[in-house]
Amino acid sequence: MKTLTATLLLCAGLTAAATTVQAQQVQSTMPTATYKRDAFGDWRVSYPAPTAKTSAQVSAELAQSKQDGQYTFGQEDYPPAVATNGAMESRAQVEQDLQTAEMQGQMASDQESYPPTPMAHSGTSAIQ
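All of these numbers come straight from a predicted model, not from anything done at the bench.

Caption draft 1: Highlighting the overall build of the protein. Secondary structure summary: the protein contains 3 helices and 2 strands in total. Going residue by residue from the N terminus, the α and β elements of the protein occur as α-β-β-α-α. Expressed as a percentage of its 128 residues, the buried residues of the protein come to 2%. As displayed, the protein offers around 12,500 Å² of accessible surface, 58% of which is attributable to carbon and sulfur atoms.

Next up, the structure:
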């Protein structure tokens, strides 16, 4: 029992430490907000304006997004294709992984009897 308690406390401490580090990283990338109360006592939040970009920077970002396939125009390419990184698994590999998972019992069993078998009653209610 002592070992279990010590393990749980250790895990809780590590989780809290990791959460603190992540929160600090997020806060460092977020712009600082200014909080003020208005005449009615409601909070108003204001953020600093983002830095302005030159037209050359905007043109370069647009060209890069077109090259990456992230920019489309009109309804021809809607929704835009998702860019893939690296080699994808073939259909045969996916089917083999599925068979392996089924044989090892790793697949969820709640969908095995879908659609559900018909119930014994007729489906009508005695309430009129």
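Caption draft 2: Spotlight on the pairing of strand S1 (residues 34–37). Where S1 meets strand S2 (residues 43–46), 4 bridges bridge the pair, whose relative direction is antiparallel. When the bridges of S2 are listed, threonine 34 appears paired with serine 46. Linking S1 to S2, which pair antiparallel, is a turn of 5 residues; within it glycine 41 sits at a positive phi near 90°.

Caption draft 3: Representation of the environment of arginine 37. With respect to the secondary-structure elements, arginine 37 resides in strand S1. Once residues lying within four places of it in the same chain are set aside, the contact partners of arginine 37 are Asp42 and Trp43. For arginine 37, the side chain forms a polar contact with the main-chain oxygen of glycine 41, separated by 2.5 Å.

Caption draft 4: The environment of aspartate 38, seen in detail. Mapping aspartate 38 onto the fold places it in the loop between S1 and S2. Relative accessible area serves as the criterion here: at 22%, aspartate 38 is assigned to the partly exposed category. Polar side-chain contacts of aspartate 38 include one of 2.8 Å to the backbone nitrogen of aspartate 42.

Caption draft 5: Up close: the side chain of serine 65. Tracing the chain through its elements places serine 65 in helix H2 (residues 55–68). On the basis of relative accessibility, which here comes to 15%, the residue serine 65 falls in the buried class. The residues contacting serine 65, other than those within four sequence positions of it, are Gln70 and Tyr71.

Caption draft 6: Layout of H2. For H2, spanning 14 residues, the distance from its first C-alpha to its last is 20 Å, which sits close to the expected 20 Å at 1.5 Å a residue. Looking one or two residues past H2, glycine 69 carries a phi angle of roughly 80°, positive in sign.

Caption draft 7: Expanded view of the pattern of salt bridges. The full count for this structure, using the stated rule, is 3 salt bridges. Note that aspartate 38 and arginine 44 form a salt bridge whose closest N and O atoms lie 3.0 Å from each other. Between glutamate 95 and arginine 91 there is a salt bridge, and its shortest N-O distance comes to 3.3 Å. With glutamate 95 and arginine 91 both in helix H3 (residues 91–103), this residue pair falls 4 residues apart, about one helical turn.

Caption draft 8: Main features of the confidence of the model for the protein. Averaged over all residues, the pLDDT of the protein equals 74, while 54% of them reach at least 70. Here helix H1 (residues 2–29) stands out as the element of the protein with the lowest mean pLDDT, 63, in contrast to H2, whose mean of 91 is the highest.

The rules behind the values
- Residues numbered from 1 in each chain as written.
- Predicted model: local features only at pLDDT ≥ 70, side-chain atom pairs only at ≥ 80, totals over all residues.
- Heavy atoms only, no water.
- Helix = DSSP H or I, 4+ residues; strand = E, 2+ residues; numbered from the N terminus.
- Buried < 20%, exposed > 50% of the residue type's maximum accessible area, 1.4 Å probe, protein only.
- Areas by Shrake-Rupley, 256 points an atom, 1.4 Å probe, with all protein chains shown as cover.
- Pairing = 2+ DSSP bridges.
- Contact = heavy atoms within 4.5 Å.
- Polar contact = N/O pair within 3.5 Å; in protein donor to acceptor, adjacent residues only side chain to side chain.
- Expected span 1.5 Å × (residues − 1).
- Salt bridge = Lys/Arg side-chain N within 4 Å of Asp/Glu carboxyl O.
- pLDDT = per-residue confidence, 0-100.

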